[in-house]
Amino acid sequence: MDLRIFTEPQQGATYDTLLTVARATEDLGFDAFFRSDHYLRMGAADGLPGPTDAWITLAGLARETKRIRLGTLMTAGTFRLPGVLAIQVAQVDRMSGGRVELGLGAGWFEEEHKAYGIPFPKEKIGRLEEQLAIVTGLWATETGKTFDFHGKFYDLTDSPALPKPAQAKVPVLIGGHGATRTPRLAGRYADEFNMPFASIEDTERQFGRVRAAAEAAGRGADALTYSNALVACVGKDDAEVARRAAVIGREVEELKANGLAGSPAEVVEKIGRYAEAGAQRIYLQILDLDDLDHLELISSQVQSQLA
């Protein structure tokens, strides 16, 4: 079971804070550092000092880390044109020596679009499908040849399809709860399917849909990695769990019901239940980015047992 660290910088974080967490992620033996792609805070957080851009952040981290994978859960398809995104991701992949992964979603948070003047189209899934076709098509085009795409939303003619990523294939992540279109897109384009903030029962059901879609696409169900994203709140005793829950404005029992919370033993047991549902990887949503002791505890007493 791979454990990855997943952050939500729109809630309030500087680049230096993210760098500190990414370096701790690397030093403590976690597999990857991922971040969300949002420009507006959610809930009661003040969001200070303001948002950081996901791909600018990852470009910096690409040069200041050595081992960990770097990526997004999920890049908002509404934020970037697909040709531009393909260039950005390929460049960051080269800057990292081939450690980048692209999580790509349709975009959903209308308020942040209004706040920063970003168009929020009504038809997002159709756009996402074309974006996936374009980004993967540009990367797959043989050097020296050109790429064309003529769709409903995007039109590319005689693209040189450059630059190429360092990796022969940048892993593409698709995720979500949708019962029909999401599994179909994952079955066709994804290297990994991520089920965010879902129960074990819903996870097993959605993994089954994606596995069926991958089979229907002629790829085979095991062509994909299956993962979950879950909030983490781990403590060596009840008092520490309660303190960490209070810092992020959550109740312990709610966190235990909907995430990975409690003692290391409790969290290991629950991860095992997700594994039985088909999960091969867990993204730990870390909401208090100043609490590096939290990461150390998870590394020494949770990750060590899963290894």
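This text goes with the structure placed above it.
The text that follows walks through the structure, step by step, so that each part is easy to find.

Cut-offs used in this document
Residues numbered from 1 in each chain as written. Predicted model: local features only at pLDDT ≥ 70, side-chain atom pairs only at ≥ 80, totals over all residues. Heavy atoms only, no water. Phe/Tyr/Trp six-rings, centres within 6.5 Å; stacked < 30°, edge-to-face > 60°. Helix = DSSP H or I, 4+ residues; strand = E, 2+ residues; numbered from the N terminus. Buried < 20%, exposed > 50% of the residue type's maximum accessible area, 1.4 Å probe, protein only. Pairing = 2+ DSSP bridges. Right-handed = clockwise from strand over helix to strand, strands pointing away. Axes fitted to C-alpha atoms, helices over the stretch in contact; angles between N-to-C directions. Parallel < 35°, antiparallel > 145°, perpendicular 65-115°, else oblique. Left-handed = near helix turned anticlockwise from the far one by under 90°. Contact = heavy atoms within 4.5 Å. Nonpolar A, V, L, I, M, F, W, Y, C, P; charged D, E, K, R; others polar. Lys, Arg positive; Asp, Glu negative; His and termini not counted. Salt bridge = Lys/Arg side-chain N within 4 Å of Asp/Glu carboxyl O. Polar contact = N/O pair within 3.5 Å; in protein donor to acceptor, adjacent residues only side chain to side chain.

## Notes on the packing of aromatic side chains
No. 1: Counting across every chain of the model gives six aromatic pairs.
No. 2: Judged by centre distance (6.3 Å) and plane angle (85 degrees), the ring pair of F193 and F207 falls under edge-to-face. A residue pair is termed long-range when its members are at least 10 positions apart, and F193 in strand 9 (residues 192-196) and F207 in helix 7 (residues 200-216) qualify at 14 residues.
No. 3: Of the aromatic side chains, those joined through ring pairs into one cluster are Y39, F79 and Y116.

## A look at the pairing of strand 2 (residues 32-35)
No. 1: On strand 2, burial covers both faces: A32 and F34 on one face and F33 and R35 on the other are all buried.
No. 2: Alignment of strand 1 (residues 2-7) against strand 2, held across three bridges, turns out to be parallel. Counterpart to F6 in the pairing with strand 2 is F34.
No. 3: With helix 1 (residues 15-27) bridging strand 1 and the parallel strand 2, this β-α-β connection has right-handed handedness.
No. 4: Sheet analysis places strand 2 next to strand 3 (residues 69-72), joined by four bridges and oriented parallel. What sits directly across from A32, in strand 3, is R69.
No. 5: Crossover strand 2 to strand 3 through helix 2 (residues 54-64) is right-handed.

## Observations regarding the packing of helix 10 (residues 264-276) against helix 11 (residues 292-306)
No. 1: Helix 11 packs onto helix 10 with a crossing angle of 40 degrees between their chain directions and a minimal axis gap of 10 Å. Considering their axes alone, helix 10 and helix 11 lie oblique with respect to each other. Relative to helix 11, helix 10 is oriented so that their crossing is right-handed. From helix 10, P264, V267, V268 and I271 reach across to helix 11, where they touch L297, Q301, V302, Q305 and L306.
No. 2: Along the lines of polarity and charge, the residues of the contact of helix 10 with helix 11 split into seven nonpolar, two polar and no charged.

## Considering the side chain of E8
No. 1: Structurally, the position occupied by E8 is in the loop between strand 1 and helix 1.
No. 2: Although E8 lies buried, it forms no salt bridge, and the closest oppositely charged side chain, R35, sits 7.9 Å away as judged by the N-O distance.
No. 3: Of note is the side chain of E8, whose polar atom sits 2.9 Å from the side chain of Q10.
No. 4: Looking at E8, its side chain comes within polar contact range of the side chain of Q285, at 2.9 Å.

## Looking at the packing of helix 5 (residues 125-140) against helix 6 (residues 181-189)
No. 1: Viewed as axis vectors pointing N to C, helix 5 and helix 6 meet at an angle of 5 degrees, and their least axial separation amounts to 11 Å. Relative to helix 6, helix 5 is oriented roughly parallel. Side by side, helix 5 and helix 6 meet where I125, L128, E129, L132, A133 and T136 of the first sit next to R181, R184, L185, R188 and Y189 of the second.
No. 2: Classifying every residue of the contact of helix 5 with helix 6 by side-chain character gives six nonpolar, one polar and four charged.

## A short note on the environment of I134
No. 1: Mapping I134 onto the fold places it in helix 5.
No. 2: Classification of I134 by relative accessible area gives buried; the value is 0%.
No. 3: Sequence spacing of I134 and A257 is 123 residues, and the spatial spacing of their C-alpha atoms is 39 Å.

## A short note on the environment of L260
No. 1: When you line up the elements, L260 lands in strand 11 (residues 260-262).
No. 2: Between the C-alpha atom of L260 and that of A232, which follows or precedes it by 28 residues, the distance is 4.9 Å.
No. 3: Excluding its chain neighbours within four sequence positions, the residues that come into contact with L260 are L230, V231, A232, C233, V234, L255, V267, K270, I271, I282 and L284.

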